[in-house]
Amino acid sequence: MNTCQDLATMGIRDQLHPRFDDKKIYLPPSCHTLSKKEKISFCQCLHHVKVPQGYSSNIKSLVQLKDLKLVGLKSHDCHVLMQQLLVMAIRDILPNKVWHAITRLCFFFNAICIKVVDPVKLDDLENEAAIILCHLEMYFPPAFFDIMVHLIVHLVKET
């Protein structure tokens, strides 16, 4: 609620401003919010994924279709999800512009986590990180951007 009011105060993202009807306040969903049908599609997609033995945990066992949640993910499972599976799972669910921004973020993480990194490509990756954050800022609320999201910019130098 407060975030939506802040957007109205700043005069940006008109589609997310709160709407007042009689005594009710309506907060429109943002473009990255999943409906129940979309959550079911997302979870079913991950539930049907098969990966080579030893690649990651059995993703099927981590998806709870009843509660529409992912539970018990270990850090490596999160890496596999972020670098490989998320792109596929959200492909037909989110709007293209949001999917594109998240896909670029996934590809960025994949590029900096490979075993052999080409030093010539590091400058391009650093520029890509800044562009990705700009794209994410267009679609996600300001409250999303904390210090952890900002650290993406510094990952290339650490690489």
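Just so it is clear, the model here is predicted, and its values are computed rather than measured.

Q: Before we move on, can you summarise the environment of V117 with the specific residues and values?
A: Among the secondary structure elements, V117 is positioned in the loop between α5 (96-112) and α6 (122-139). Note: C-alpha distance between V117 and L46 (71 residues apart in sequence) is 29 Å. Setting aside anything within four residues of it in sequence, one finds V117 in contact with A111, I112, L122 and T159.

Q: Give me the nonpolar core: which residues, what numbers.
A: Counting residues in hydrophobic clusters, the biggest one holds 35 residues, and the most contacted among them are F42, L46, L85, I102, F108, L136 and I152. Looking at this core, the elements that each hand over two or more residues are α2 (36-47), α3 (59-62), α4 (75-89), α5, α6 and α8 (152-158). No other element matches the eight residues that α5 contributes to this core.

Q: Lay out the pattern of salt bridges in plain terms, naming residues and giving numbers.
A: Counting across every chain of the model gives three salt bridges. Residue D92 pairs with R91 through a salt bridge whose shortest N-O separation is 3.9 Å. Of the residues examined, D92 reaches a relative accessible area of 68% and is grouped as exposed. One salt bridge connects K157 with E126, and the closest N-O pair in it is separated by 3.8 Å. Of this pair, K157 sits in helix α8 while E126 sits in helix α6, and the two are 31 residues apart along the sequence.

Q: Explain a nonpolar patch on the surface to me, and be specific about the residues and the numbers.
A: Residues F20, I25 and L27 make up a contiguous nonpolar surface patch of roughly 290 Å² in combined accessible area. Mapping L27 onto the fold places it in the loop between β2 (24-26) and α2. Overall, L27 belongs to the partly exposed group, its relative accessible area being 35%.

What counts and how
- Residues numbered from 1 in each chain as written.
- Predicted model: local features only at pLDDT ≥ 70, side-chain atom pairs only at ≥ 80, totals over all residues.
- Heavy atoms only, no water.
- Helix = DSSP H or I, 4+ residues; strand = E, 2+ residues; numbered from the N terminus.
- Contact = heavy atoms within 4.5 Å.
- Core = buried A, V, L, I, M, F, W, Y, C linked by side-chain atoms within 4.5 Å.
- Buried < 20%, exposed > 50% of the residue type's maximum accessible area, 1.4 Å probe, protein only.
- Salt bridge = Lys/Arg side-chain N within 4 Å of Asp/Glu carboxyl O.
- Patch = residues over 30% accessible without salt bridge, like charges linked within 9 Å, V, L, I, M, F, W, Y side chains within 5 Å.
- Areas by Shrake-Rupley, 256 points an atom, 1.4 Å probe, with all protein chains shown as cover.

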